[in-house]
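# A structural walkthrough
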Protein chains: 2
Amino acid sequence: MKIAIIGGGAIGLLFAHYLNENHEVRVYIRNSTQLQKLRKKGLTTERKGIRSNAPLKAFHFKEWKGEEDLTIIAVKQYSIPEVVKDLMEMNTGKCGSYLFLQNGMGHLKWAEMLEAENIYVGSVEHGALKSEPDTVLHTGIGVTKVAALKGDVELLLKISDSASCYFPFIFAENHIEMLIEKLIVNCVINPLTAVLRVRNGELLANKYYYQLFLRLFDEVSGILGIPDKAGALTHVKSVCEETGMNRSSMLKDIEEGRETEIDAILGYILEEAEKKKMSAPYSESLYCQIKGRE
Amino acid sequence: MKIAIIGGGAIGLLFAHYLNENHEVRVYIRNSTQLQKLRKKGLTTERKGIRSNAPLKAFHFKEWKGEEDLTIIAVKQYSIPEVVKDLMEMNTGKCGSYLFLQNGMGHLKWAEMLEAENIYVGSVEHGALKSEPDTVLHTGIGVTKVAALKGDVELLLKISDSASCYFPFIFAENHIEMLIEKLIVNCVINPLTAVLRVRNGELLANKYYYQLFLRLFDEVSGILGIPDKAGALTHVKSVCEETGMNRSSMLKDIEEGRETEIDAILGYILEEAEKKKMSAPYSESLYCQIKGRE
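Residues numbered from 1 in each chain as written. Chains lettered and ligands numbered in written order. Predicted model: local features only at pLDDT ≥ 70, side-chain atom pairs only at ≥ 80, totals over all residues. Heavy atoms only, no water.

## With respect to the overall build of chain A
- Of regular secondary structure, chain A possesses twelve helices and twelve strands.
- Computed over C-alpha atoms, the radius of gyration of chain A comes to 19 Å, within 12% of the 19 Å expected from 2.2 N^0.38 for 294 residues, which places it in the range of a compact globule.
- Projected onto the principal axes, the alpha-carbon positions of chain A cover approximately 50 × 40 × 35 Å.
- Put simply, chain A has 294 residues, and 55% of those count as buried.
- For chain A, restricting intrachain contacts to residue pairs at least 6 apart in sequence, the fraction spanning at least 24 positions comes to 68%.
- Once the 36 positive and 39 negative side-chain charges of chain A are each reduced to a mean point, those two points are 5 Å apart. (Helix = DSSP H or I, 4+ residues; strand = E, 2+ residues; numbered from the N terminus. Rg over C-alpha atoms; globule rule 2.2 N^0.38 Å. Buried < 20%, exposed > 50% of the residue type's maximum accessible area, 1.4 Å probe, protein only. Contact = heavy atoms within 4.5 Å. Lys, Arg positive; Asp, Glu negative; His and termini not counted. Charge placed at Lys NZ, Arg CZ, Asp CG, Glu CD.)

The structure is reproduced here in structure tokens:
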């Protein structure tokens, strides 16, 4: 199958590596330094200390024409409006299939604007780190949960059937539930670790941080109207334990002075709270602390 | 007049310097390294780049017998319970006069336990920094507001009349109002600058930090039941502006890994909120962030 991947971040490169094993992958990126490096040196991947390298077809984003069977959109949530507008211009008249891999929920309304046969959304639970423009470390083997927003999952089934055992896909019935499950995890773990500058496990180990963790979980799950709060809390806690030694992506963004996904995460919660006329002081406090730093 | 000063921190040393000019001051401290240094080298004070040095009578805390006309208690709020218990044991049978210089309100109930002719409380609005065990920098010339909790202000009037123009005293009618005015300033500026790691002025200059500043002010002034909220806000903002380039004492405590006065400040607010069955999410969020670090 021909697969386009838009975005050369950790997730884009991780997908490129694993899907390239059984499909014809083309990566589309904007950064020309990274583009040259990938063309010249191929893509290097490291899993549990073992490195591998393979050639990768890399193109400038502007060269995308929607000719592939599936286009995977692996950019950050905050880039979605611009990317989707560009895709609509560049793919005049054609229909296609798209898989969106963003955190949060903000991309749904943009995804729905695309004229497409199939629109999928995915929630990536792998650990990945781009250590060089042409190198991705697969730091935690997880799953990619996928669901159809439009069309059927046939295309994804083909990909899943041929997927590496290190890169499994799981199909979810309800895309909203799937994204919300991830959103709660991101809402609680990411901002707290970023503001407190601690590893994920510290949120459970430190009694004051844990108090804050519970208050924030309570507020966020209330605003999102989660029916099974106890189950959701158990899930967030287990993610926090399993990734105890990890530094969250938002913490890394803060430490390296990059823009964070705070708007897609707590910004979304604040919008929902306003719509529902609910108060969100814990979310707002963390939101302002992170936005003020950016 | 004979004056005892308990505590060799920045405030204790600042009072020692200025009162020593016209009174017989004895400083009582626990740290024997500091004690030896003060005995050997005297007390050095710097104001606007000009240094002065004078001998200072320094004793170990255990040597205090309550023989002075006034005992000034210049320890941090969190040391008050221990210090007051020790003073009660050491001053068996005698009465005396005391001036308490703590932030917050927690010391009031301890001050009232002392058998004393006069009990005063003070709110210090000077900038002071202990750069060495025997050196204090007078970084901001302000005032000391004082009020009587018990007895009359005659003793303080004598001190005020003879005071340096760089070290004025102002008499307040209502000690609760006086302490609350300082408490609000400490509640808003100290925890925010400590958590965000910014200078005081940044709280007004950064729009997200300012949003947090307003929310926290609103919450704290509501819990304290301030009648003139607008006036109090103007006051906190003006302090923040005037001390714009300063790093707050709590920020310094956090940076240098010392215990902070957070329990005396936001801890007190949380207790008040609980008593009054009010919610205090902004205060709680900052309280947990600071306590978790300690």
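On we go.
## As for the UniProt feature "domain: Ketopantoate reductase C-terminal" (unreviewed entry) in chain A
- Here, UniProt's "domain: Ketopantoate reductase C-terminal" (unreviewed entry) annotation points to residues 176-293 of chain A.
- Summarising residues 176-293 of chain A: 76% helix, 0% strand, and an end-to-end C-alpha distance of 31 Å. (UniProt positions renumbered as here; feature names shortened; annotations may be inferred.)

## Looking at the packing of aromatic side chains
- Evaluated as defined, the whole model comprises 16 aromatic pairs over all chains.
- Seen in terms of ring centroids, tryptophan 64 of chain A and tyrosine 98 of chain A are 6.4 Å apart; in terms of plane orientation they differ by 50°. Their pairing is tilted. With a gap of 34 residues between them, tryptophan 64 of chain A in the loop between strand E5 (57-60) and strand E6 (70-73) and tyrosine 98 of chain A in strand E7 (residues 97-100) connect regions that are remote in the sequence. Note on accessibility: tryptophan 64 of chain A and tyrosine 98 of chain A belong to one class, buried.
- Centre to centre, the rings of tyrosine 208 of chain A and tyrosine 287 of chain B are 6.2 Å apart; their planes meet at 80°, and the pair counts as edge-to-face. Of the two residues, tyrosine 208 of chain A sits in helix H8 (residues 207-223) while tyrosine 287 of chain B sits in helix H12 (residues 281-293), which places them in two different chains. Take tyrosine 208 of chain A and tyrosine 287 of chain B: they sit in the same class, and that class is buried.
- Three or more aromatic residues joined by ring pairs form one cluster here, namely Phe15, Tyr18, Phe167 and Phe169 of chain A.
- Lying over the aromatic face of tyrosine 166 of chain A, arginine 47 of chain A brings its terminal NZ or CZ to 3.3 Å of the ring centre. (Phe/Tyr/Trp six-rings, centres within 6.5 Å; stacked < 30°, edge-to-face > 60°. Lys NZ or Arg CZ within 6 Å of the ring centre and 35° of its normal.)

## Topic: the interface of chain A and chain B
- On the side of chain B, 19 residues touch chain A, which itself brings 19 residues to the contact.
- Both faces combined, the contact of chain A with chain B buries some 1,800 Å², and carbon together with sulfur accounts for 56% of it.
- Here chain A is connected to chain B by two salt bridges.
- Among the ionic pairs, glutamate 284 of chain B bridges to arginine 215 of chain A, the shortest N-O distance being 2.7 Å.
- There are ten residue pairs in polar contact (both at pLDDT 80 or more) connecting chain A and chain B.
- Among the elements of the structure, helix H6 (175-196), H8 and helix H12 (281-293) of chain A are those that each provide at least two residues to the side of chain A that touches chain B. (Buried area = accessible area lost by both parts, 1.4 Å probe. Salt bridge = Lys/Arg side-chain N within 4 Å of Asp/Glu carboxyl O. Polar contact = N/O pair within 3.5 Å; in protein donor to acceptor, adjacent residues only side chain to side chain.)

## Digging into helix H5 (residues 154-161) of chain A
Residues and elements named next belong to chain A.
- Among all positions of H5, only Leu155, Leu156, Ile159 and Ser160 are buried. Buried residues of H5, viewed axially, fall in a sector of 135°; they line one side. Every exposed residue of H5 that faces more than 90 degrees away from the buried side is listed here: Glu154, Lys158 and Asp161. (Arc of directions from axis to C-beta.)

## Some thoughts on the relation of the copies chain A and chain B
- Superposition of chain A onto chain B requires a rotation of 179° combined with a translation of 0.0 Å along the rotation axis, giving an RMSD of 0.1 Å. Seen this way, the second copy is the image of the first under a two-fold rotation axis. Proximity to the rotation axis, assessed at the C-alpha, singles out proline 281 of chain A in chain A; its C-alpha lies 3.0 Å from the axis.
- Same-surface contact between copies: 100% of interface residues of chain A are shared with the interface of chain B. (Least-squares fit on C-alpha atoms with pLDDT ≥ 70 in both.)

## Examining the domain arrangement of chain A
Residue and element names in this part refer to chain A.
- You can read the domains of chain A as domain 1 (2-173) and domain 2 (177-293).
- Spacing between the C-alpha centres of domain 1 and domain 2 amounts to 25 Å.
- Each partner contributes to the interface: domain 1 provides 18 residues, whereas domain 2 provides 14 residues.
- Summed over both sides, the interface of domain 1 with domain 2 buries roughly 1,500 Å², with 60% coming from carbon and sulfur. (Domains from an automatic or database assignment.)

## Observations concerning the nonpolar core
- Within the largest apolar cluster, 138 residues are counted, with the highest numbers of intra-cluster contacts made by Phe100 of chain A together with Phe100 of chain B.
- Ignoring sequence-local partners within four residues, the contact set of phenylalanine 100 of chain A consists of Ile73, Ile80, Val84, His107, Ala111, Leu114, Ile119, Tyr120, Val121 and Gly122 of chain A. (Core = buried A, V, L, I, M, F, W, Y, C linked by side-chain atoms within 4.5 Å.)

## Concerning helix H9 (residues 229-242) of chain B
- Counted at 1.5 Å a residue, the expected span for H9 of chain B with its 14 residues is 20 Å, and the 20 Å between its end C-alpha atoms agrees.
- Buried residues belonging to H9 of chain B abut helix H6 (175-196), helix H7 (202-205) and helix H8 (207-224) of chain B. (Expected span 1.5 Å × (residues − 1).)

## Considering the pattern of salt bridges
- With the rule as written, the count across this model stands at 34 salt bridges over all chains.
- The salt bridge partner of glutamate 181 of chain A is lysine 145 of chain A, with a shortest N-O separation of 2.9 Å. Here glutamate 181 of chain A, found in helix H6, pairs with lysine 145 of chain A, found in strand E11 (residues 144-150); they are 36 residues apart in sequence, far enough to count as distant.
- Among the ionic pairs, lysine 145 of chain B bridges to glutamate 125 of chain B, the shortest N-O distance being 3.1 Å. In this pair, lysine 145 of chain B sits in strand E11 (residues 144-150) while glutamate 125 of chain B sits in the loop between strand E8 (118-124) and strand E9 (127-132), placing the two residues 20 residues apart along the sequence.

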